[in-house]
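Structure assessment
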2 protein chains.
Amino acid sequence: MMSRFLHASKHNLKAYVPGEQPRGRKYIKLNTNESPFPPSPEVQNCLTAEVMAENRLYPDPEMTALRELLAKKLCVSPKMIMVGNGSDDILNTAFLAFAGEETPVAFPDITYGFYKVYADLYQLEKKIIPLREDFRIDASDYFSLDSLIAIANPNAPTGIALTLGEIERILQTNPDHVVLIDEAYVAFGADSALPLLKDYENLLVVRTFSKSRSLAGARLGFAAGSEPLIEGLNRIRYSINPYNVSRLAQRAGEAALYSDAYYVANVKEICRIRENTKTALEAMGFEVLPSKSNFLFTRKAGCEGEKLYSKLKERGILVRHFSQARISDFIRVTVGSEGDMRIFLENVKSVIE
Amino acid sequence: MMSRFLHASKHNLKAYVPGEQPRGRKYIKLNTNESPFPPSPEVQNCLTAEVMAENRLYPDPEMTALRELLAKKLCVSPKMIMVGNGSDDILNTAFLAFAGEETPVAFPDITYGFYKVYADLYQLEKKIIPLREDFRIDASDYFSLDSLIAIANPNAPTGIALTLGEIERILQTNPDHVVLIDEAYVAFGADSALPLLKDYENLLVVRTFSKSRSLAGARLGFAAGSEPLIEGLNRIRYSINPYNVSRLAQRAGEAALYSDAYYVANVKEICRIRENTKTALEAMGFEVLPSKSNFLFTRKAGCEGEKLYSKLKERGILVRHFSQARISDFIRVTVGSEGDMRIFLENVKSVIE
């Protein structure tokens, strides 16, 4: 049903389609790249009745405490940090701030689906750049583009990462445009661009607490960039929703930053399970792209991605399938717990036999 | 410092200026219309460690449980409800969905400051309609406007409410455009437009948990409207941030809906304190607009609003002052606890003497 009230400019807008969030049947859920581990004990206990009572008051719109903690950890000034209601909130703000008429947006043909959605929502010109044959980003395709550039590193859903040197060349050749590096999955093995912040005023690094910090449910992300970039982002944030991050999420984020050892151990374990799962899939004849993330992107000759997805779902295992032409033979599998991955592998085996 | 990266279309954008949220000195805080009462005991205890552990998973992007509770309470279908990260999130979504080229936005000259900010952010044509001399909205000014219409009822910062009959005439004369009634403060004495939902497909009612439900810190609002309107809003929500409401906020909202008796009693008490405060101000020679909200908008001949604001701030009491020409002699005072209002009145007395 098309709403007759929806403005004509949005009639052809294709919204983002998030992975299924099932509410009835219990699935082994390997479809939205959540952590198999709960938040740290500090986080689990941070919202006391006393903290809850303070919810009568608006949150700090400047997120001072959380930003100061983040800044200290990242060795930058708090003025170089903005916090958002998940990293999607930050991406939305960045597209509004740094693109527009005569400033297109450039991103890979195969990447996080939201970049295209924001571009369409704000009627931005798009430069969609195909990945190479082997599903890698060719950094030289992004030199001197006169555009806002959005690159997920590691990329999704491929899991493949760029090197810091490649990112630096993109920054050097686009000095007058923002290069947004979306590091949602960086903790799982890629090199963060954060060390480049001191040299590149045009670098915006976007991070999330949803993956390595087990806080997808609390909605928390942040951006790190030069003061002019963060000032620009804040101009837009204060024009949309200055109280975008709740007291609850701010507190949970602060507690999470005091639990580094816990999360570092989780990440290490997830990377170990990832490599074991990759080896097992390869032994069954699957091609698995080299992942620096908490998911595997994999296909098997003669095996339709959608069919594999459906048969696994019948068996109670949710993975993600994308119908986009170049990648429709793949499935994307979140790295879950050791037990979940054993069951996943057993079921893959029985499906392909 | 103007960011050289901020897109030219945003260089003149004036962001919203929220009320001060002081972090150092302790003030009696009567400037952002928060409740003097904490959230209900049910809310204070709803985020157990078990609930917190589930934060590793994304929230339900359809907010099914919360929407079903709201729908039951409002006697509408869950398809007529959308939930947002505070009501600002919903307003932002509505402006993107229902206005655009050839569909301007109409709102009063004196009202919630964010309507103008959204209009400017999205470069919408504005029809700004002056309040009458006595600071009332004249409903007939809004007949047949060919625009998205945004009206706060009761209006802010005046506190004055329209009648249901007046709102119905606006709906009748604008059948092809959305009439957004922002009911942030409706619990404190105005008539809600919710009963009109069954007859008007163009009515969108926006509500918040921040005021009467003491949850400003959790960020939670909702919209109620016809299915086509909600479908249109969701198209935009899924194009910005489908996971816009955290698990924490959804849980807190559900708990709040189970605590009606508690909140009804709070609202009654706030209204009683409001009327006593109004009487006391009038006894000191203040003019006080007839408020159906949890704040009072007041002025005294020969007494500058900004000076009153500053002198109260020196004395540890924060109220809100707006520099806009027509209302610069007023201050807006949130109705706080009985004790807070006694101290406020004593200080007003000493300031004006």
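What comes next concerns the included structure. Please read all numbers here as calculations on a predicted model, not as lab measurements. (Residues numbered from 1 in each chain as written. Chains lettered and ligands numbered in written order. Predicted model: local features only at pLDDT ≥ 70, side-chain atom pairs only at ≥ 80, totals over all residues. Heavy atoms only, no water.)

1. A few points about the packing of aromatic side chains
Stated precisely, the cut-off is as follows: Aromatic pairs are defined between Phe, Tyr and Trp rings, using the six-membered ring for Trp, whenever the two ring centres lie within 6.5 Å; interplanar angles under 30 degrees are classed as stacked, those over 60 as edge-to-face, and all others as tilted. Numbered from the N terminus, helices here are DSSP runs of H or I no shorter than four residues, and strands are runs of E no shorter than two. The buried label goes to any residue with under 20% of its type's maximum accessible area, the exposed label to any with over 50%, and the partly exposed label to all in between, with areas taken from a 1.4 Å probe on protein chains only. Here, over-ring charges are defined by two tests on the NZ atom of lysine or the CZ atom of arginine: distance to the ring centre within 6 Å, and angle to the ring normal within 35 degrees.
Applying the stated criterion to the full structure yields 28 aromatic pairs over all chains. When the centroid spacing of 5.2 Å and the interplanar angle of 80 degrees are considered together, the rings of Phe135(A) and Phe330(A) count as edge-to-face. On the criterion of sequence distance, the pair formed by Phe135(A) in the loop between strand S4 (126-129) and strand S5 (148-152) and Phe330(A) in the loop between strand S11 (317-318) and strand S12 (331-334) is long-range, its members being 195 residues apart. Across this residue pair, the class does not change: Phe135(A) and Phe330(A) are buried. Here the aromatic residues Tyr16(A), Phe95(A), Phe107(A), Tyr112(A), Phe114(A), Tyr115(A) and Tyr118(A) are joined through ring pairs into a cluster of three or more. One Lys or Arg, Arg332(A), reaches over the ring of Phe295(A) and ends 5.5 Å from the middle of that ring. Positioned over the ring face of Phe286(B) is Lys300(B), at 6.0 Å from the centre of the ring.

2. Some thoughts on the side chain of Asn55(A)
The cut-off we apply is this: Residues are treated as being in contact if the distance between any of their heavy atoms lies within 4.5 Å.
By the element assignment, Asn55(A) lies in the loop between helix H2 (49-53) and helix H3 (64-74). The buried category is assigned to Asn55(A), whose relative accessible area is 0%. Setting aside residues no more than four positions away along its own chain, Asn55(A) makes contact with Arg247(A), Leu248(A), Pro39(B), Ser214(B), Leu215(B), Ala216(B), Gly217(B) and Ala218(B).

3. As for the interface of chain A and chain B
Test applied: Here the quantity called buried area is the total loss of accessible area, with a 1.4 Å probe, experienced by two parts when brought into contact, counted for both. A pair is scored as a salt bridge if a Lys or Arg side-chain nitrogen falls within 4 Å of a carboxyl oxygen belonging to Asp or Glu. The definition of a polar contact used here is a pair of N or O atoms within 3.5 Å, where within protein one atom must be able to donate a hydrogen and the other to accept one, and adjacent residues in sequence count solely through side-chain atom pairs. When residues are sorted by character, Ala, Val, Leu, Ile, Met, Phe, Trp, Tyr, Cys and Pro go into the nonpolar class, Asp, Glu, Lys and Arg into the charged class, and all the rest, Gly among them, into the polar class.
Each partner contributes residues to the interface: chain A has 89 residues there, and chain B has 90 residues. In total, chain A and chain B occlude about 7,200 Å² of area from one another, counting both sides; carbon and sulfur atoms represent 58% of this. Looking only at chain A, the three residues that lose the most surface to chain B are Phe5(A), Arg56(A) and Tyr58(A), adding up to 11% of its buried area. Where chain A meets chain B, there are four salt bridges. We note a salt bridge from Glu201(A) to Arg4(B), for which the minimum N-O separation is 3.2 Å. The interface formed by chain A and chain B contains 44 residue pairs in polar contact (both at pLDDT 80 or more). Only helix H1 (41-44), H2, helix H4 (87-98), helix H5 (114-121), helix H7 (227-237) and helix H8 (247-257) of chain A provide two or more residues apiece to the side of chain A that touches chain B. Classifying every residue of the side of chain A that touches chain B gives 46 nonpolar, 25 polar and 18 charged.

4. A word on the pairing of strand S10 (residues 295-299) of chain B
Residues and elements named next belong to chain B. Just so we agree on the cut-off: In this analysis, strands are considered paired if DSSP registers two or more bridges between them.
For S10, the buried fraction is high: four of the five residues fall into the buried class. Where strand S9 (residues 287-288) hands over to S10, the hairpin turn is made up of six residues, counted between the paired strands. As judged from the four bridges shared by S10 and strand S12 (residues 331-334), these two strands associate in the antiparallel manner. Bridge pairing links Phe-297 to Arg-332 in S12.

5. Regarding unusual backbone geometry
Residue and element names in this part refer to chain A. Cis geometry is found at the peptide bond from Asn-153 to Pro-154, where omega equals -5 degrees. Tracing the backbone shows Pro-154 in the loop between S5 and helix H6 (164-172). Although it is not a glycine, Phe-135 adopts a positive phi angle of roughly 70 degrees. For Asp-146, which is not glycine, the phi dihedral falls at a positive 55 degrees. Secondary-structure assignment places Asp-146 in the loop between S4 and S5. For Asp-146, a relative accessible area of 52% translates into the label exposed.

6. Brief notes about the sheet that holds S12(A)
For sheets, the rule is that strands pair by backbone hydrogen bonds, running either parallel or antiparallel. Residues and elements named next belong to chain A. Taken in spatial order, the three strands make up an open sheet running S9-S10-S12, and their pairing is antiparallel. Every interior strand has two partners, whereas the edge strands, strand S9 (287-288) and S12, have only one. As judged from the two bridges shared by S9 and strand S10 (residues 295-299), these two strands associate in the antiparallel manner. Across the sheet, residue Val-288 finds its bridge partner in S10, namely Thr-298.

7. Description of the relation of the copies chain A and chain B
Using the following cut-off: In this comparison the copies share one frame, found by least squares on the C-alpha atoms of residues holding pLDDT of at least 70 in both.
Superposing chain A onto chain B takes a rotation of 180 degrees plus a shift of 0.0 Å along the axis, which leaves an RMSD of 0.0 Å. Between the two chains, the operation in question is that of a two-fold axis. Mapped onto chain B, 100% of the interface residues of chain A are again interface residues, and the two copies thus contact each other with one and the same surface.

8. Digging into H3(A)
All names here are of chain A. For H3, the set of buried residues is Thr-64, Leu-66, Arg-67, Leu-69, Leu-70, Ala-71 and Leu-74. Where H3 is buried, its residues contact strand S2 (81-84), strand S8 (221-225) and H8. With its phi angle positive at about 55 degrees, Cys-75 sits one or two positions after the end of H3.

9. Considering the pattern of salt bridges
Taken as a whole and judged by the stated rule, the model has 41 salt bridges over all chains. Asp176(B) is paired through a salt bridge with Arg4(A); the nearest N and O atoms lie 3.0 Å apart. Within this pair, whereas Asp176(B) is found in the loop between helix H6 (164-172) and strand S6 (179-182), its partner Arg4(A) is found in the segment before strand S1 (28-29), the two belonging to separate chains. Of the charged contacts in the structure, one is a salt bridge between Asp260(B) and Lys73(B), with a shortest N-O distance of 2.4 Å. Taken together, the residues Asp260(B) in helix H9 (residues 260-283) and Lys73(B) in helix H3 (residues 64-74) connect sequence positions 187 residues apart. Residues joined in a network through salt bridges with shared partners are Arg4(A), Asp176(B) and Glu201(B).

10. Some details on the nonpolar core
Threshold: Put simply, buried Ala, Val, Leu, Ile, Met, Phe, Trp, Tyr and Cys residues joined by side-chain atoms within 4.5 Å make one nonpolar core.
Core analysis: the largest hydrophobic core is formed by 117 residues, its most contacted members being Leu47(A), Val83(A), Leu203(A), Leu47(B), Val83(B) and Leu203(B). Not counting chain neighbours up to four residues away, the residues in contact with Leu47(B) comprise Leu47(A), Met52(A), Leu248(A), Met52(B), Leu248(B) and Arg251(B). Counting residues in hydrophobic clusters, the runner-up holds 73 residues, among them Phe98(A), Val178(A), Ala119(B) and Ala152(B).

11. Examining the packing of helix H9 (residues 260-283) of chain A against helix H11 (residues 338-352) of chain A
All names here are of chain A. The criterion, for reference: Axis angles are defined between N-to-C directions and span 0 to 180 degrees, where every axis is a line fitted to C-alpha atoms and, for a helix, only to the segment in contact. Geometric relationships in this document are graded by angle, where less than 35 degrees denotes roughly parallel, more than 145 denotes roughly antiparallel, 65 to 115 denotes roughly perpendicular, and other angles denote oblique. Left-handed describes a crossing whose near helix is turned anticlockwise from the far helix through less than a right angle; right-handed describes the clockwise counterpart.
Interaxial distance between H9 and H11 falls to 11 Å at its minimum, and their mutual angle equals 15 degrees. Put simply, H9 runs roughly parallel to H11. Remark: the crossing between H9 and H11 carries right-handed chirality. Of H11, the residues touching H9 (which contributes Glu-269, Arg-272, Ile-273, Thr-277, Ala-280 and Leu-281) are Glu-338, Met-341, Phe-344, Leu-345 and Val-348. Residues of the contact of H9 with H11, tallied by class, amount to seven nonpolar, one polar and three charged.

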